[in-house]
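Descriptive structure summary
Each chain, letter by letter, is given below.
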Amino acid sequence: MKIKRILFDIHGDERGQLVAIEELKSIPFDIKRVYYMYNTTSKVIRGKHAHKKLQQVMICLNGFCKLHLDDGEEKQTIDLNSPNEGIYITNNIWREMSDFSDDCVLLVLASEYYDENDYIRDYQDFLNYIK
Ligand code: T46
């Protein structure tokens, strides 16, 4: 599956922790967009789509959630619970996020501007698209 775990350096001292993220250094693409989700409750499942072109890095800044990935051949579930770990996800991967803690803040760095035409929102359409 075309995903990668990225560990960011933590610059910690007696004042607390700091993580710096730089495009094309720690992130393998130009960052065109940043968004984040919060106040998602534990019963909610978000995502349920794939992208035709978009690459993203997902970072759980606070709390935890689960990330379910599926490239049509292999399925994988990743626990997101570390603010210094990013999950790099390429295009053509079905993703769902679940089990959000009340305090979860999920940050996403994206390679493209928002474009509804880039979404594949039906699972069977996704399987047909990647064939
Ligand atoms: C993804 C997963 C991880 C915008 O207006 N601009 C944006 O950049 C985004 C991401 C969303 N929106 C609007 C579109 C919807 O009206 O915000 C609303 C919620 O978006 P959506 O239902 O797509 O949220 P999720 O959590 O299901 O999916 C999001 C991203 O859309 C998606 O690219 O990979 O997070």
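Residues numbered from 1 in each chain as written. Predicted model: local features only at pLDDT ≥ 70, side-chain atom pairs only at ≥ 80, totals over all residues. Heavy atoms only, no water.

Taken together, 14 residues lie around the ligand, and Arg33, Arg46, His51, Gln56 and Tyr119 are the ones closest in. Taking Gly47, its main chain carries an N or O atom lying 2.8 Å from an oxygen atom of the ligand. Protein burial of the ligand: of its 650 Å² of free accessible surface, 66% is covered by the chains. The site holding the ligand turns out to be the largest pocket. For the shell around the ligand, the secondary structure elements donating two or more residues are strand E2 (33–38), strand E3 (46–51), strand E4 (56–62) and strand E8 (94–98). No other element matches E3, which puts four residues into the shell around the ligand. Of the residues belonging to the shell around the ligand, the class tally is six nonpolar, four polar and four charged. (Near = heavy atom within 4 Å. Polar contact = N/O pair within 3.5 Å; in protein donor to acceptor, adjacent residues only side chain to side chain. Areas by Shrake-Rupley, 256 points an atom, 1.4 Å probe, with all protein chains shown as cover. 1 Å grid on protein atoms, 1.4 Å probe; cavity = no way out; pocket = protein on both sides within 12 Å on 5 of 7 lines; lining within 4 Å. Sits in = over half its atoms within 2 Å of the grid points. Helix = DSSP H or I, 4+ residues; strand = E, 2+ residues; numbered from the N terminus. Nonpolar A, V, L, I, M, F, W, Y, C, P; charged D, E, K, R; others polar.)

Let us look at the pairing of strand E5 (residues 65–70). One face of the sheet, then the other: side chains in a regular strand alternate in exactly this way. Where E5 and strand E6 (residues 75–80) come together, six bridges link them in antiparallel fashion. Residue pairing across strands places Asp70 opposite Lys75, the latter belonging to E6. Here E5 folds back onto E6 in antiparallel fashion, the turn holding four residues, of which Gly72 has a positive phi close to 95 degrees. Across five bridges, the pairing between E5 and E8 is antiparallel. Counterpart to Leu69 in the pairing with E8 is Arg95. (Pairing = 2+ DSSP bridges.)

Right, let's get into the sheet that holds strand E7 (residues 85–89). Pairing between the strands of a sheet is mediated by backbone hydrogen bonds and can be parallel or antiparallel. Read from one edge to the other, the open sheet built from five strands follows the order E1-E7-E4-E9-E2, with strand pairing classed as antiparallel. Only two strands of the sheet have a single neighbouring strand rather than two, namely strand E1 (3–7) and E2. Across this sheet, the average inter-strand angle for adjacent strands is 20 degrees, counted without regard to direction. Bridging between E4 and E7 involves four bridges; their strand directions are antiparallel. (Axes fitted to C-alpha atoms, helices over the stretch in contact; angles between N-to-C directions.)

Quick look at the pattern of salt bridges now. Counted by the stated rule, this structure contains eight salt bridges. Among the salt bridges present, the one from Asp13 reaches Arg15, with a minimum N-O distance of 2.6 Å. What makes Asp13 partly exposed here is its relative accessible area of 33%. (Salt bridge = Lys/Arg side-chain N within 4 Å of Asp/Glu carboxyl O. Buried < 20%, exposed > 50% of the residue type's maximum accessible area, 1.4 Å probe, protein only.)

Leave glycine aside and you will find that most residues have negative phi; peptide bonds, for their part, are mostly trans. The phi dihedral of Leu24 falls on the positive side, at around 65 degrees, and the residue is not glycine. By the secondary structure assignment, Leu24 is in the loop between E1 and E2. Its identity is not glycine, yet Asn92 carries a phi of approximately 60 degrees, on the positive side. Residue placement: Asn92 occurs in the loop between E7 and E8.

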